[in-house]
Amino acid sequence: MNDKNSLMQGLSTEAAQKRLERFGLNELKLNGPRGIFRIITGALREPMVLLLIGIGVIYILIGETEEVFSLLTFLILILGITIYQENKTERTLQVLKELSSPRAVVYRDGKQHRIPGQEVVPEDIVIISEGDRVPADIWLIDGGPLTVDESILSGESAPVEKSITKMVFSGTLVLRGQALGRVFKTGQATELGKIGLSLGQEKDGSSPLQKLTRRIVTKLSVVVGILTSILIFFHWYSTKNLLEGILTGLTLAMAILPNELPAVLLIFLAAGAWRISSRNVLTRKIPAIEALGSITCLCVDKTGTLTENKMVLRKLWTEMGSYEVRDDLQVFPEEFHELMEFGILASPKESFDPMEQSIQQKGQKLLSQTEHLHPRWSLSKEYRMTTDLLAVSYAWKVKDHLTFAVGAKGALEAIIDLCHLQPNEAEEINHEMIRMASSGLRVIAVARAHSTELPEHQHDLDFTFVGLMGFEDPLRFDAKDAVLECQRAGIKVMMITGDHPETARSIARQVGLSRPELTLSGSEIEKLNDEELKERLKETHIYCRMKPLDKLRIVSLLKSSMEVVAMTGDGVNDAPALREAQIGIAMGKRGTDVAREASSVVLLDDSFSSIVAGIKIGRRIFDNLQSAFSYLLAIHIPITVLTVVPVLLKLPPILLPVHIAFLHLIIEPASTTLFEALPESPDVMKRAPRQRIRLMERIEVIHSLMAGFAISILTMGIHLFNQKNGLDPKDVRGITFATLIFSNLFLIFIQKTHIGLGESRKHYLFLTFGTIALLAAMFYVPVLRNLFRVNVLHTSDILPSILVSLLAGLLLVLIRRSKFLAG
């Protein structure tokens, strides 16, 4: 047998680093990130790129070689922007994927460290606990036994018992028990790696908004195809020139096709996931970003989410009186020795549970000079908590005796049941428990038993009631403000806990939950049918003595009531409710791997305020998406009008493919980088959650259409005015195009002013100066001037263009303000 103290030294940091360099990361390299070649080939299949290639082919056929070179230049620029954006998004998603990899608790340099599963190396000493995914192939060397689900390897659903000297395999799931193990193999060398399975890899799910976007783009593509065909036929019928007709039709397709929408949505969601991760909220599934901003009901644990999960033993009570446990330890009264003794015996010697850690630490100090500590007693049997009996018992072999000492602890009603107390005997105990719970303490009861043999069930032991222990779990400093912010935002916050109703009410009052006097317990819920429970869910915010199946039922009923539900959880039993909720939120510090895998979001700091930060960013993302979509709709209208109207009026074309390609160099970064960087609106957490999934609200569509047609009328007006006055066609085109460009910059600015420039200021200034520089090059560099078929833009030409653009800007401001009047 290995010496446990030496095992717990583990590897040194230096030795672990050398092994990591030698053996590589502990991962299965089956579905790695997209390389640059795949990104480029994907970009080449973009509709805008294909249209530019098609137009280039037509220019070659009609002998316009200069146009081919210009389009080639723009093709490279557009490809460059697309590849840059996709590569940036891919890197963001890969970093998030690495952050969300399973964690492992290892001993390094004699201390416990929680590290990414990827960094586990051979010879690491790993702690394996209930609910963990085994990070590598590991020999068990201490503790146990473990119950393990190996179905991912064997296909057999029946769990397998594992004891010391047995091996547990990478990717399998620990259902019960805790053990210490030494890593044997990692990565591709594991049994999982050999058979080529990829743990936890899911098909890439799309959010409702992504699905809606695809449907809209598909329908619009059909419409664009029909309109393009009609325009080609009309042009061919009028001019008898088929190639020019096809060229005009493809130009129209470039003008109308909303190919930016899917890219904008993906970039916003990926960037949003990265932003949220900086607030200690890790998004495991990108579509969850969209749902975060839509949450209407937030179901949270008390312990560790609203409170600090620092269980400090504060009060002891027996039938002989009560004792306040202070930090400055005084003489510990004899009448409380037995309670402390069996509190320790009712807990494992090594535990991750804060309450059990507090019992052990305080007990060792309080009983240090007494005979009530038993370091040499060995654990013989553990009776686990069940959904029917909320108590645990540990049976210890009494040294040099043939008897077992058993300590039990748990909910008072469970201990009363174990001790078979009569109602009159339990009454005083229950009153004291309520007094302690009303002061915010979490109260557990302790019982003792002695037996010469150990039955299968703890209920068959002859227990005697010993006393009560009260623990203080302070509120997180930011919990109250976070709860109030959620409630102001129209989000119903529901606290779900295993605590006694009085403890739950006390915490609810402290944290500011609505109607803290109304509670529902698990036993009360069992007596209600679904319709009755739905009605109670509307007004009740506090749920206590809850079991895992109760949580699942609540989530299901809330969803059936059209609520968007977020649920927090940390244990194996929480997984069904986490999976059922639209947003499952797992705890990053104290949560099990099973809970994390069932969730879509992980709180790295287990803090309720981090959930609120995530909701705020989710709402900001949706607001900014609306602004981006509104801008895209508005700017595509004048581009389409300036492409179609000249053909219908049998006038020379205003916009050629090269002009539309130029516009896309502005539109794409504006609709992604610039709008994504907009800060949240001041009232983002003062509005009710949105109820329906829409790309844009109806009022936003109306104002975008108004803005688009306002720009169209003014730009088309200045074009017709200059043409009527006999200006050279190249001058007319140049002035009209400049007016469109300036109007576009005003449109972006006006679209942003209702939110404020914020951190996007630099993006807007860069875009503005870059656009003006490109525009100047177009007019004053001879080669570009010829390619764009314009003349030098004189001061006398620039002034009308800017004035008309300012007029467009004024109209856009009036339109934007009318939105607030409408709201």
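All of the points below concern the structure found in this document. In this numbering scheme, every chain counts its residues from 1 along its sequence in written order. Only residues with pLDDT of at least 70 are given local features in this predicted model, and only at 80 or more are side-chain atom pairs given and counted; all residues enter the totals for whole chains, interfaces and linings. Working from all heavy atoms in the structure, the side-chain values ignore hydrogens and water.

**Points about the sheet that holds strand 3 (residues 125-129)**
With antiparallel pairing, the six strands of this open sheet are ordered in space as 2-1-3-9-4-7. Bordering the open sheet on either side are strand 2 (111-116) and strand 7 (167-168), each of which pairs with just one other strand. Pairing between two strands is assigned when DSSP locates at least 2 bridges connecting them. Numbering goes from the N terminus for both helices and strands, where a helix is a DSSP run of H or I of at least four residues and a strand is a run of E of at least two. Pairing geometry for strand 1 (residues 103-108) and strand 3, over three bridges, is antiparallel. Bridging from a neighbouring strand, valine 105 pairs with isoleucine 127 of strand 3.

**What to know about the packing of aromatic side chains**
Ring pairs shown here join Phe, Tyr and Trp side chains whose ring centres sit within 6.5 Å, with only the six-membered ring taken for Trp; geometry is labelled stacked below 30 degrees between planes, edge-to-face above 60, and tilted in between. By the definition in use, this model includes seven aromatic pairs. Their ring planes at 70° and their centres at 5.5 Å tell us that phenylalanine 662 and phenylalanine 737 sit as a pair that is edge-to-face. Within this pair, whereas phenylalanine 662 is found in helix 25 (residues 657-676), its partner phenylalanine 737 is found in helix 27 (residues 729-753), the two being separated by 75 residues in sequence. Only protein chains enter the accessibility calculation, which uses a 1.4 Å probe. A residue is then buried if its area is under 20% of the maximum for its type, exposed if over 50%, and partly exposed in between. Look at phenylalanine 662 and you get buried, because its relative accessible area is 3%. Phenylalanine 737 sits in the buried class, given a relative accessible area of 1%. Seen in terms of ring centroids, phenylalanine 749 and tyrosine 764 are 5.7 Å apart; in terms of plane orientation they differ by 45°. Their pairing is tilted. Here the residue phenylalanine 749 occupies a position in helix 27, and tyrosine 764 occupies one in helix 28 (residues 761-780), the gap between them amounting to 15 residues. Taken together, the ring pairs in this structure connect Tyr323, Phe332 and Phe336 into an aromatic cluster.

**A word on the sheet that holds strand 6 (residues 160-162)**
Across a sheet, paired strands are connected by hydrogen bonds in the backbone, their directions being either parallel or antiparallel. In spatial order, the strands read 6-5-8; together these three strands make up an open sheet with antiparallel pairing. What marks the edges here is a single partner per strand, and that holds for strand 6 and strand 8 (173-176). For this sheet, the mean angle separating the axes of adjacent strands, direction not counted, is 45°. Inspection of the sheet shows strand 5 (residues 146-149) paired to strand 6 by three bridges, in the antiparallel sense. Bridge pairing links leucine 146 to lysine 162 in strand 6. Every axis in this analysis is a line fitted to C-alpha atoms, fitted for helices over the stretch in contact. Angles between the N-to-C directions lie between 0 and 180 degrees.

**Thoughts on the packing of helix 13 (residues 337-345) against helix 14 (residues 354-366)**
Where helix 13 contacts helix 14, the two axes come as close as 9 Å, and the packing angle between them is 140°. By the criterion of interaxial angle, the relationship of helix 13 to helix 14 is oblique. Crossing of helix 13 against helix 14: the hand is left-handed. Residue-level inspection shows Met340, Gly343 and Ile344 of helix 13 in contact with helix 14, the latter providing Ile359, Gln360, Gly363, Gln364 and Leu366. Only Asp, Glu, Lys and Arg are considered charged in this grouping, and only Ala, Val, Leu, Ile, Met, Phe, Trp, Tyr, Cys and Pro are considered nonpolar; every other residue, Gly among them, is considered polar. Partitioning the contact of helix 13 with helix 14 into residue classes produces four nonpolar, four polar and no charged. Working rule for angles: under 35 degrees goes down as roughly parallel, over 145 as roughly antiparallel, 65 to 115 as roughly perpendicular, anything else as oblique. Crossing chirality is assigned from the near helix's rotation relative to the far helix, an anticlockwise turn below a right angle marking it left-handed and a clockwise turn marking it right-handed. Here a residue-residue contact requires only that any non-hydrogen atoms of the pair lie within 4.5 Å.

**So, the packing of helix 24 (residues 608-648) against helix 26 (residues 698-724)**
Close contact between helix 24 and helix 26 brings their axes to 8 Å; oriented N to C, the two are set at 35°. For the pair helix 24 and helix 26, the sense of crossing is right-handed. Residues Gln626, Ser630, Leu633, Ala634, Ile637, Pro638, Val641, Leu642 and Val645 of helix 24 touch helix 26, and the partners they reach there are Glu700, Val701, Ser704, Leu705, Ala707, Gly708, Phe709, Ile711, Ser712, Thr715 and Met716. Grouping the constituent residues of the contact of helix 24 with helix 26 by class yields 13 nonpolar, six polar and one charged.

**Some points on the environment of serine 170**
Summarising the element assignment, serine 170 is placed in the loop between strand 7 and strand 8. In sequence terms serine 170 and proline 135 are 35 residues apart; their C-alpha atoms lie 5.2 Å from each other. Setting aside anything within four residues of it in sequence, one finds serine 170 in contact with Val134, Pro135, Ala136, Asp137, Thr190 and Leu192.

**Quick notes on the environment of alanine 391**
Topologically, alanine 391 is positioned in strand 15 (residues 391-397). Classification of alanine 391 as buried rests on a relative accessible area of 0%. Considering only alpha carbons, one finds alanine 391 and lysine 409, 18 residues apart in sequence, at a separation of 5.6 Å.

**Remarks on the pattern of salt bridges**
Note on definitions: salt bridges are taken to be side-chain nitrogens of Lys or Arg within 4 Å of carboxyl oxygens of Asp or Glu. What the rule picks out here adds up to 22 salt bridges. The closest approach of N and O atoms between aspartate 301 and lysine 551, which form a salt bridge, is 3.3 Å. Of the two residues, aspartate 301 sits in strand 11 (residues 297-301) while lysine 551 sits in helix 21 (residues 548-560), which places them 250 residues apart along the sequence. We note a salt bridge from aspartate 683 to arginine 687, for which the minimum N-O separation is 3.0 Å. Residue classification places aspartate 683 among the partly exposed residues on the basis of a relative accessible area of 31%. You can call arginine 687 partly exposed: its relative accessible area is 27%.

**Some details on the pairing of strand 12 (residues 312-318)**
Burial of strand 12 is extensive: five of the seven residues sit out of reach of the surface. One ladder, built from four bridges, connects strand 12 with strand 13 (residues 321-324); its direction is antiparallel. For threonine 318, the partnering residue across the bridge sits in strand 13 and is glycine 321. Count of turn residues in the strand 12/strand 13 antiparallel hairpin: two residues.

**Description of the side chain of lysine 302**
Considering the arrangement of structural elements, one finds lysine 302 in helix 12 (residues 302-306). Two N or O atoms form a polar contact when they lie within 3.5 Å of each other; inside protein one atom must be a possible hydrogen donor and the other a possible acceptor, and for residues adjacent in sequence the pair counts only when both atoms belong to side chains. Looking at lysine 302, its side chain comes within polar contact range of the side chain of aspartate 499, at 2.9 Å. In contact with lysine 302, other than residues within four places in its own chain, are Thr307, Asp473, Met495, Ile496, Thr497, Asp499 and Ile507.

**Describing the pairing of strand 1**
For strand 1, the tally of buried residues reaches five of six residues, placing the bulk of the element in the interior. Judged from the six bridges that link them, strand 1 and strand 2 form a sheet pairing that is antiparallel. From the neighbouring strand, tyrosine 107 faces strand 2, where its bridge partner is glutamine 112. The hairpin formed by strand 1 and strand 2 contains two residues between the paired strands, and aspartate 109 there has a positive phi angle of roughly 55°.

**Quick word on the environment of valine 121**
Assignment of secondary structure puts valine 121 in the loop between strand 2 and strand 3. A residue is classified by how much of its surface remains accessible, and valine 121, at 0% relative accessible area, is buried. Residues valine 121 and glutamine 17, spaced 104 residues apart in sequence, show a C-alpha to C-alpha distance of 8.6 Å. Sequence-distant contacts of valine 121, defined by excluding residues within four places in its chain, comprise Leu11, Ala16, Arg19, Leu20, Arg108, Val183 and Thr186.

**Observations concerning the nonpolar core**
The term nonpolar core refers to a set of buried residues drawn from Ala, Val, Leu, Ile, Met, Phe, Trp, Tyr and Cys, joined through side-chain atoms within 4.5 Å. Within the largest apolar cluster, 97 residues are counted, with the highest numbers of intra-cluster contacts made by Leu298, Ile583, Ile585, Phe608, Tyr631 and Leu775. Considering each element in turn, this core owes the most residues, 15 residues, to helix 24. Ignoring any residue separated from it by four or fewer positions in sequence, one finds isoleucine 585 in contact with Leu298, Ala566, Met567, Thr568, Gly569, Leu578, Ser599, Val601, Leu603 and Ile611. Judged by nonpolar contacts, the second largest core, of 28 residues, contains Ala391, Ile415, Ile416 and Phe465.

**Comments concerning helix 21**
Given a rise of 1.5 Å per residue, 13 residues ought to cover 18 Å, and the 19 Å separating the end C-alpha atoms of helix 21 matches this to within 8%. Residues of helix 21 that are buried: Asp550, Lys551, Ile554, Val555, Leu557 and Leu558. Down the axis of helix 21, the buried side of the element spans an arc of 170°, and every buried residue falls inside it. In the segment just after helix 21, methionine 562 is the residue with positive phi, at about 70°. One fewer than the residue count of a helix, multiplied by 1.5 Å, yields its expected span. To obtain the arc, one takes the directions from the helix axis to the C-beta atoms.

**Details of helix 20 (residues 530-539)**
Along an α-helix, residues three or four positions apart point the same way, because every turn accommodates 3.6 residues. Considered for burial, the residues of helix 20 that qualify are Leu533, Lys534 and Leu537. For helix 20, the buried positions fall inside an angular range of 105° around the axis, keeping them on one side. Exposed residues lying more than 90 degrees from the buried face of helix 20 are Glu531 and Lys538. Contacts made by the buried residues of helix 20 are with strand 19 (492-496), strand 20 (519-521), helix 19 (522-526), strand 21 (542-544) and helix 21.

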